[in-house]
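What the coordinates show
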Amino acid sequence: MPKVIEEARILSHEAPIAGVDVLRLEAPQIARTSLPGQFVQISVPADGGFLRRPLGIAEVSRENGWIQLIYRCVGRGTEALATEKTGTCVSVLGPLGHGFNTALRHPLLVGGGMGLTPLLFFAAEHRNAAVLMGGRTKGELFWEAIYRPYARVVFLTTDDGSYGRKGFVTTLLPELLRDGDYDGVAVCGPPVMMERVAALATERGIPCEVSLERRMACGLGACLSCAVDTRSGRRKVCKDGPVFPAAEVYDVP
Ligand code: FES
């Protein structure tokens, strides 16, 4: 798949909730070829130079030539990116990596925190996915309104019980897997959550894919900074992933 560098104009840059930014970029070539689960490396100013920061693609419009990224400001790179204003340009390399299998009749997407970013692209493309999302509190589930237009159904959990079922996604998941007719599970979120979701799906014989997050430098498979041990040997998250079959990376039954 062709990777390109585009000087992308910022079409909008908003912070719908504190600490979370939504960035829409005019990047028609990347929009045209991106697939759910892939990411871009975006160049941000840092220490008088520039560094590239990997961000999952949350949505695209192939027709209108834009991509949308949703990110949390958690460090130097994303804090610098958050200062970029509408109308300015940023350098974007992509699309990168290997995405989800979306050729499913009835997928269940399971996400927590910013792991809901790449799954949003999946939901928007598929239009018949069920979504299970979890957060610590109701405020973290601002994602619900973003997903509703695309998802067939949305299930919610909060750790404190302030919204949806009280507990974790793994509290509700066993009954969804028992009662639903899912032919695949895609999961992205904290590692402990992904491993547990993968185990529950695999126990029921449902194929599961996980999207891993690692520190990345080049994003192109050249520097080994993102290497991970899998059942088939050392693999690069940026190039061989970030999406892997769960059985490749977890000790699932
Ligand atoms: Fe360089 Fe993956 S980020 S090999």
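For the structure itself, look to the data block above.
Residues numbered from 1 in each chain as written. Predicted model: local features only at pLDDT ≥ 70, side-chain atom pairs only at ≥ 80, totals over all residues. Heavy atoms only, no water.

Take the packing of helix H5 (residues 169-179) against helix H6 (residues 191-203) next. Axis separation between H5 and H6 bottoms out at 10 Å; the angle between their running directions is 15°. When the axes of H5 and H6 are compared, the pair comes out roughly parallel. Of the two possible hands of crossing, H5 and H6 adopt the one that is right-handed. The segment H5 lies against H6, with Val169, Thr170, Leu173, Pro174 and Leu177 engaging Met193, Arg196, Val197, Leu200 and Ala201. Partitioning the contact of H5 with H6 into residue classes produces eight nonpolar, one polar and one charged. (Axes fitted to C-alpha atoms, helices over the stretch in contact; angles between N-to-C directions. Helix = DSSP H or I, 4+ residues; strand = E, 2+ residues; numbered from the N terminus. Parallel < 35°, antiparallel > 145°, perpendicular 65-115°, else oblique. Left-handed = near helix turned anticlockwise from the far one by under 90°. Contact = heavy atoms within 4.5 Å. Nonpolar A, V, L, I, M, F, W, Y, C, P; charged D, E, K, R; others polar.)

On to the sheet that holds strand E11 (residues 184-188), then. With mixed pairing, the seven strands of this open sheet are ordered in space as E10-E9-E8-E7-E11-E12-E15. In this open sheet, the two strands that pair with only one neighbour each are strand E10 (165-166) and strand E15 (243-245). Taken strand by strand, H5 contacts strand E7 (107-112), strand E8 (130-135), strand E9 (153-158), E10 and E11, and its axis lies near 160° from that of E8. Lying over the sheet, H6 contacts E7, E11 and strand E12 (208-211), oriented at roughly 170° with respect to E11. (Pairing = 2+ DSSP bridges.)

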